[in-house]
Structures are given as structure tokens and as C-alpha cells.
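Observations on chain architecture
Each chain is listed here by its residues.
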Number of protein chains: 2
Amino acid sequence: MRTTSVNHFILETLQDSQTHLNAHQVYEQVRQRLPSLNPSTVYRALERLALAGKISVSDMGCGAVVYEAVGGCRHHHLVCHGCGAVITLGDDLVRGWFAQVEAGHHFQVATNHLVLFGYCEACRQKGEGQEQSLWEA
Amino acid sequence: MRTTSVNHFILETLQDSQTHLNAHQVYEQVRQRLPSLNPSTVYRALERLALAGKISVSDMGCGAVVYEAVGGCRHHHLVCHGCGAVITLGDDLVRGWFAQVEAGHHFQVATNHLVLFGYCEACRQKGEGQEQSLWEA
DNA sequence: AATTATAATGCAAATAATTGCAATTGCAAA
DNA sequence: TTTGCAATTGCAATTATTTGCATTATAATT
Ligand SMILES: [Zn+2]
Ligand SMILES: [Zn+2]
Ligand SMILES: [Zn+2]
Ligand SMILES: [Zn+2]
């Protein structure tokens, strides 16, 4: 990966924001410094940075895929299908399990920002996620 | 969820194919029985079936999201970034870990087809996934 | 500094997926 | 059955993302 200004600015933007940004948000930020920037350049740079392990790429149910800088303390998330709540999961529990998977399958896991969907306590009590239908087997 | 023919045919298509199909493939299949079918109807029906837990939705790195019927024996996958190899992971190891996550966070995990990316043994030996850059901290 | 090979970019076009809205349909209550 | 409501659909427009190709820029080599 070459040291282009786009790579640099995107990484800087994600590191500074410390949150999940979608491609358009990254584009708008970086465009302030590189006015001639093209959206497809951003998509390609994001893909590059992700493959290099410098950022994470995740579908968190927000319509567009979101990106985040992968810093010293990794983390993961639980996202509620009912209310959209995002719970952060430390890396300890995840790393340990990944190690098990790796050991059992001769495979090196690179996923650096796992997102699991489900239902939070509040939504579960409201009955969310209990959809039934006439089709049940 | 109502018992519409679209819901029925989509579910049947996915159950019969026993593989991962993308939205366009599902559309083509079902359209043979419902010629006036519209793609957006398929997307919406797929979303519905997924929310009801009858099918899984996953990005397996094929460009388009893929869907699969969730049958009796659940499974998950490891996908190699280097060569695209897809390794199937039984549900036992996954279910156990999900239970841990659920217990620790008052959250009911609904993810029914987990996909982890990484590098297979062969690609690891070829040096894939070892990309370095001039930027290393 | 000039040359070369290849990675990165811009642009336009293609593909994938979502959304608003009016018309239709399934389902259940009357 | 008939009626009424809400879920579902088609269609067009919008948004999100990818891709082909010609051009430009980076970094190594001469
Ligand atoms: Zn995060
Ligand atoms: Zn919730
Ligand atoms: Zn599968
Ligand atoms: Zn591989």
C-alpha cells in the first residue's frame, strides 16, 4: 500500500472521530482537505485499509456499511434488532473464542470487529423478536 | 407475517437449493412461478423472512449478500480472504459461545449464520494476509 | 535526474439495495 | 359473506457500492 494522501487522511479521520462512520461521512470529511476527491476513490481506499487490518468494516444495520479505526483496544458489538441499541463487547471474550476456532480449523481469523444481532433485555420483555406466523412447521 | 405466495415461494426456493443464493438468484427462481414479480418485493420478503428467523442473511464476500434457509442443523462459516475458500463450522462450538455472550450481557443473540473472515492454511503459507506498509506504528 | 513498473485516481457506467407512495390483498371481525 | 384494517406489492426514484478504463502519481532502478 502506497503512502498516498487519501490513505493518510482517511485513516486520520477515522482515528480522530473514534466512532463508526459510513463511506459518505468519510468522503465528506476527507473532501475538506482534498476537494477533488472522488467517492469511488474513498471506497477503494477503505477496502485497502481494511485488508491491511487498519480499519474494520461492518454492517451494523444502519443502511450503509460503517468503518472504524482499529486501535489498541479492540472491541465488538451486540446490536438490537428491536430498538437499534448498540452494546459494546470487550475483546477478551471474543479473542479467546477466536483462538478456539483457529485451533480447531487451521484458520487464522482476521475479523477485527464482530457484530452480533439479537434483542436487548428491554425489547425482549416487550416481546420483540417473538414474531410467529401461520407457517410454523 | 402473512401467507403470501411470495413468502412461500422464496422459502421453498431456499430450502430446495440448500445453498447460499443472492437476491437476484432468488428473484430469478421465484419469477418462474410469479412472472410479474418485482425485485423490491423480493428484497422486502427476504428481510421479513430473515427477521422471522426462517432464513439467514450474510455477506460472504461475494459482492452481494447471500441468503440461506435455516434448517434443523445450523451452521456457520470461515471465509478466506486470500482464495475465497469457505469452511463450514458446526453450530455446537458457536452455540456454546453465544450462550456465554448472552449470559454476560442480558442479550438474546439472533445471529443464525455467523461468517468470520481470515486466512486458510494454504494462503497463510503463501504469505497472504501479511501485507505490511510504510505506515506501521 | 531520467526511466520504468505498478499502484492509485477520476470519471462514467453498471450493479446492489432501499424507500415513498398509491393500489392491492390477506385476514379477521362483524 | 361483507367490511375494514393493516400487511404486502409494483413501480419509480434514490441511495449505496462496484467496476472498467484511461490517466496520474509513487517508489524503486538505472
Ligand atoms: Zn465499534
Ligand atoms: Zn432493544
Ligand atoms: Zn451457510
Ligand atoms: Zn485461502
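Residues numbered from 1 in each chain as written. Chains lettered and ligands numbered in written order. Predicted model: local features only at pLDDT ≥ 70, side-chain atom pairs only at ≥ 80, totals over all residues. Heavy atoms only, no water.

1. Side note on the coordination of the zinc ion (ligand 4)
Residues and elements named next belong to chain B. Worth spelling out the cut-off: Sites may look incomplete, because water is not among the atoms used; the donor set itself consists of N, O and S atoms within 2.8 Å of the metal (3.2 Å for Na, K and Ca). Geometry is assigned from the angles between donors: four donors with all angles from 85 to 135 degrees make a tetrahedral site, four or six donors whose opposite pairs exceed 155 degrees while the rest stay between 65 and 115 make square planar or octahedral sites respectively, and everything else is labelled irregular. Secondary structure elements follow DSSP: runs of H or I of four or more residues count as helices, runs of E of two or more count as strands, with numbering from the N terminus. Think of it in three bands: residues with accessible area under 20% of the maximum for their type are buried, residues over 50% are exposed, and the middle band is partly exposed, with areas taken using a 1.4 Å probe on protein chains only.
For the zinc ion (ligand 4), the protein coordination sphere consists of Cys 80 (SG), Cys 83 (SG), Cys 120 (SG) and Cys 123 (SG), at 2.2 to 2.4 Å. In this structure, the zinc ion (ligand 4) is surrounded by four donor atoms whose angles at the metal cover 105 to 112°, and the resulting shape is tetrahedral. Here the donor residues of the zinc ion (ligand 4) share one chain and are spaced in sequence as C-x2-C-x36-C-x2-C. Of this pair, Cys 80 sits in strand 4 (residues 75-80) while Cys 120 sits in strand 7 (residues 115-120), placing them 40 residues apart in sequence. For the pair Cys 80 and Cys 120, a shared accessibility class is recorded, and that class is buried.

2. Focus on the layout of surface pockets
All names here are of chain B. To keep it simple, the criterion reads: Only protein atoms enter the calculation, which uses a 1 Å grid: trapped sets of points that fit a 1.4 Å probe without letting it out are cavities, open sets showing protein on both sides within 12 Å along at least five of seven lines are pockets, and any residue with an atom within 4 Å of a point is a lining residue. Grid points are joined across faces, edges and corners, and a volume is the space filled by probe spheres set on the points. Three categories are distinguished: nonpolar for Ala, Val, Leu, Ile, Met, Phe, Trp, Tyr, Cys and Pro, charged for Asp, Glu, Lys and Arg, and polar for the others, with Gly belonging to the last.
Approximately 230 Å³ is the volume found for the second largest pocket. As for the second largest pocket, its lining consists of 15 residues, and the residues nearest its centre are Ala 69, Val 70, Gly 71, Cys 73 and His 75. Mapped by element, the contributors of at least two residues to the lining of the second largest pocket are helix 1 (5-17) and strand 3 (66-69). Residues belonging to the lining of the second largest pocket are distributed by class as follows: four nonpolar, nine polar and two charged.

3. Digging into the domain arrangement of chain A
All names here are of chain A. Note the threshold: For every domain, the bounds stem from an assignment made automatically or drawn from a database. For this analysis, residues touch if any pair of their heavy atoms sits within 4.5 Å. Reported buried area values correspond to the accessible surface (1.4 Å probe) lost by two parts on association, with both partners' losses combined. Counted as salt bridges are all cases of a side-chain nitrogen of Lys or Arg within 4 Å of a carboxyl oxygen of Asp or Glu. Polar contacts, as counted here, are pairs of nitrogen or oxygen atoms within 3.5 Å of one another; within protein the pair requires one atom able to donate a hydrogen and one able to accept it, and residues that are adjacent in sequence qualify only if both atoms are side-chain atoms.
Partitioning chain A into structural domains gives domain 1 (1-71) and domain 2 (73-137). For domain 1 versus domain 2, the separation of C-alpha centres amounts to 24 Å. Listed by partner, the interface residues are eleven residues for domain 1 and ten residues for domain 2. Counting each side, the surface lost to burial between domain 1 and domain 2 is near 730 Å², with a carbon and sulfur contribution of 58%. Here domain 1 and domain 2 share zero salt bridges between them. Across the contact surface, domain 1 and domain 2 share five residue pairs in polar contact (both at pLDDT 80 or more). At three residues, the largest contribution of residues to the side of domain 1 that touches domain 2 is made by strand 2 (residues 55-58).

4. A look at unusual backbone geometry
Residue and element names in this part refer to chain A. The phi dihedral of Gln 18 falls on the positive side, at around 55°, and the residue is not glycine. In this fold, Gln 18 is placed in the loop between helix 1 (5-17) and strand 1 (21-22). Residue classification places Gln 18 among the exposed residues on the basis of a relative accessible area of 62%.

5. Remarks on the coordination of the zinc ion (ligand 3)
All names here are of chain B. Distances from the zinc ion (ligand 3) to its protein donors, His 20 (NE2), Glu 68 (OE), His 75 (NE2), His 77 (NE2) and His 113 (NE2), fall within 2.1 to 2.3 Å. Counting the intervening residues between successive donors of the zinc ion (ligand 3) yields the motif H-x47-E-x6-H-x1-H-x35-H. Of the two residues, His 20 sits in the loop between helix 1 and strand 1 (21-22) while His 77 sits in strand 4, which places them 57 residues apart along the sequence. Residue class for His 77 comes out buried when judged on its relative accessible area of 3%.

6. As for the protein's contact with DNA strand D
Under the convention used in this document: Each residue is tested against the molecule or strand, and it is near if at least one of its non-hydrogen atoms lies within 4 Å.
Lining the immediate environment of DNA strand D, one finds 19 residues, of which A:Thr3, B:Arg2, B:Thr41, B:Arg44 and B:Arg48 sit closest. Near the protein, within 4 Å, the atoms of DNA strand D are sugar or phosphate in 59% of cases. The contact in question runs from a phosphate oxygen of DNA strand D to an N or O atom on the side chain of A:Thr3, over 2.4 Å. In the model, a phosphate oxygen of DNA strand D is placed 2.6 Å from a nitrogen or oxygen of the B:Arg48 side chain. Taken together, the elements giving at least two residues each to the surface near DNA strand D come down to helix 3 (39-51) of chain A together with helix 3 (39-51) of chain B. Among the elements that make up the surface near DNA strand D, the one with the highest residue count is helix 3 of chain B (four residues).

7. Description of the nonpolar core
Our working rule: Nonpolar core, defined: a set of buried Ala, Val, Leu, Ile, Met, Phe, Trp, Tyr and Cys residues in which side-chain atoms within 4.5 Å join the residues together.
Of all hydrophobic cores here, the largest spans 28 residues; its most connected members are A:Trp97, A:Leu116, B:Trp97 and B:Leu116. Mapped by element, the contributors of at least two residues to this core are strand 4 (75-80), helix 4 (91-105), strand 6 (107-109) and strand 7 (115-120) of chain A together with strand 4, helix 4 (91-105), strand 6 (107-109) and strand 7 of chain B. Dropping the residues within four chain positions of it, A:Trp97 is found in contact with B:Leu93, B:Val94, B:Trp97, B:Leu114 and B:Leu116. Membership of the second largest hydrophobic core comes to 18 residues, among which are B:Phe9, B:Ala23, B:Leu34 and B:Leu49.

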